[in-house]
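Residues per chain are reported as follows:
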Amino acid sequence: MASKDIVDQWAASQDLPAWFVQAMAVPREEAFVEVDGHKVHYFRWGKRGKPPLLMTHGFLAHARCFAFIAPFLAEDYDIVSYDLAGMGDSEIPDNCDSDKRAEGMIALAEALDLFSGTVKPKIIAHSFGSGVALTAMEMAGGRFGGLIICDLMVMRPERLAAHFENGGGPPGSGRSDRPNKVYPDYESARARFVLSPPQAVQEPFLFEYMAYHSLRPVQGGPQQGWSWKFDPMVFHRNENDMAKWAHTPQRIVDLPHRLAIVYGENSTLFDSDSAAYLRELGGDHIPMIAIPEAEHHLMLDQPLALVTALRSILALWTD
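Now for a quick tour of the structure. (Residues numbered from 1 in each chain as written. Predicted model: local features only at pLDDT ≥ 70, side-chain atom pairs only at ≥ 80, totals over all residues. Heavy atoms only, no water.)

### Topic: the pairing of strand β7 (residues 215-218)
Phase 1: Taken together, the 4 bridges between β7 and strand β8 (residues 225-228) define a ladder with antiparallel strand orientation. Bridging from a neighbouring strand, Pro 217 pairs with Trp 226 of β8.
Phase 2: A loop of 6 residues connects β7 with β8, the two strands running antiparallel in sequence, and Gly 220 in this loop sits at a positive phi of about 80°. (Pairing = 2+ DSSP bridges. Helix = DSSP H or I, 4+ residues; strand = E, 2+ residues; numbered from the N terminus.)

### With respect to the nonpolar core
Phase 1: Among the nonpolar cores identified, the biggest contains 104 residues, and Phe 68 and Ile 252 are the most heavily contacted of them.
Phase 2: If near-sequence neighbours (up to four positions away) are discounted, Ile 252 is found in contact with Leu 134, Ile 149, Leu 152, Val 154, Leu 259, Ile 261, Leu 278 and Ile 286.
Phase 3: Of all hydrophobic cores here, the second largest spans 5 residues; its members include Met 155, Leu 160, Trp 245 and Leu 269. (Core = buried A, V, L, I, M, F, W, Y, C linked by side-chain atoms within 4.5 Å. Buried < 20%, exposed > 50% of the residue type's maximum accessible area, 1.4 Å probe, protein only. Contact = heavy atoms within 4.5 Å.)

### A look at a negative patch on the surface
Phase 1: Together, Glu 34, Asp 36, Glu 91 and Glu 103 make up a region of like negative charge exposed at the surface.
Phase 2: Along the chain, Asp 36 falls in the loop between β1 (29-35) and β2 (38-46).
Phase 3: We classify Asp 36 as exposed; its relative accessible area is 63%. (Patch = residues over 30% accessible without salt bridge, like charges linked within 9 Å, V, L, I, M, F, W, Y side chains within 5 Å. Areas by Shrake-Rupley, 256 points an atom, 1.4 Å probe, with all protein chains shown as cover. Salt bridge = Lys/Arg side-chain N within 4 Å of Asp/Glu carboxyl O. Lys, Arg positive; Asp, Glu negative; His and termini not counted. Charge placed at Lys NZ, Arg CZ, Asp CG, Glu CD.)

### Overview of the layout of surface pockets
Phase 1: There is about 270 Å³ of room inside the second largest pocket.
Phase 2: Taken together, 19 residues form the lining of the second largest pocket, with Val 35, Ala 85, Pro 93, Lys 100 and Gly 104 sitting closest to its centre.
Phase 3: When residues in the lining of the second largest pocket are grouped by element, the largest group, 7 residues, is from helix α3 (residues 98-111).
Phase 4: Broken down by class, the residue content of the lining of the second largest pocket amounts to 10 nonpolar, 3 polar and 6 charged. (1 Å grid on protein atoms, 1.4 Å probe; cavity = no way out; pocket = protein on both sides within 12 Å on 5 of 7 lines; lining within 4 Å. Points joined across faces, edges and corners; volume = space filled by probe spheres on them. Nonpolar A, V, L, I, M, F, W, Y, C, P; charged D, E, K, R; others polar.)

### Description of the environment of Ala 23
Phase 1: In this structure, Ala 23 sits in helix α2 (residues 18-24).
Phase 2: Note: C-alpha distance between Ala 23 and Trp 317 (294 residues apart in sequence) is 24 Å.
Phase 3: Every residue in contact with Ala 23, bar those within four places of it in the chain, is listed here: Phe 68, Pro 71 and Phe 72.

### Some remarks on helix α4 (residues 128-140)
Phase 1: When the terminal C-alpha atoms of α4 are compared, their 19 Å separation across 13 residues agrees well with the 18 Å that a helix rising 1.5 Å per residue should span.
Phase 2: Taking burial as the measure, the 13 residues of α4 include 10 buried ones, the bulk of the element.
Phase 3: Turning to α4, its buried residues are Phe 128, Gly 129, Ser 130, Val 132, Ala 133, Leu 134, Thr 135, Ala 136, Met 137 and Ala 140. (Expected span 1.5 Å × (residues − 1).)

### Topic: the pattern of salt bridges
It is possible for side chains of opposite charge to pair when their charged atoms get near one another.
Phase 1: Across all of its chains, the model carries 14 salt bridges by this definition.
Phase 2: A cluster of three or more residues bridged by salt bridges with shared partners is formed by Arg 156, Arg 159, Asp 271, Asp 273 and Glu 280.

This is the structure we're talking about:
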């Protein structure tokens, strides 16, 4: 069964490996569920009653970050991958801050009955989504079976200061009052798709896949063409969000629940020094696994190695 995700507009010029085509053919559910009065878009693989997994993505990305990862776990788990509020095809509530996103993650797990079985749901989250998951674990960690953080930005204070001085910023820097630009055609829009932080990916077809599904056609009205799926309001930040972000390393170490970290060995946001810093803060108990040859967007660099790392951690987390 061919996946509707594989369309000629992005795939015709790509040499798609058999593993990807086969993974995308694994049956999945795609639907929306209402959470706090707003629609949340999600995919679901596997069989109900299996140990549940909840997956989410990085900033301005969407659930398809895990659409070629989750199928490799579908035989043994009940997996939900969803679009964070205002990203992908999910709506965004008013005044959506980090606490609301975390509350939304918990509410989504409730709405999809992930808490109803004997095994607690485990969270797998990338980058910005890991920050959401960390807050959710602080709010309701006893209801979850653990958190796997994938390449969340962690730096020593001096490195963080240098990061800012060199033009870097917190995850999701941008303007919430500027509407998304409409491009005249797909090719023009696609040319503007970049990763943050910038990097060349080792699996270029996955870059094309993510670019296509980050865009939407615009029809009717004064402008027609292609534009981004995300809502500009995702750029809204408040002081509480910034405080949480600044204290991320200590919050990770202080989390009294099961935790593991997977990161790209060549990532600029989490590296061996980040791991050493967490250990110095008291994080010796946290497994930290580097994916060889991967940068921050590790699922676009080494997807099968990421699958192996996730399988290994989950095999040890049996309850």
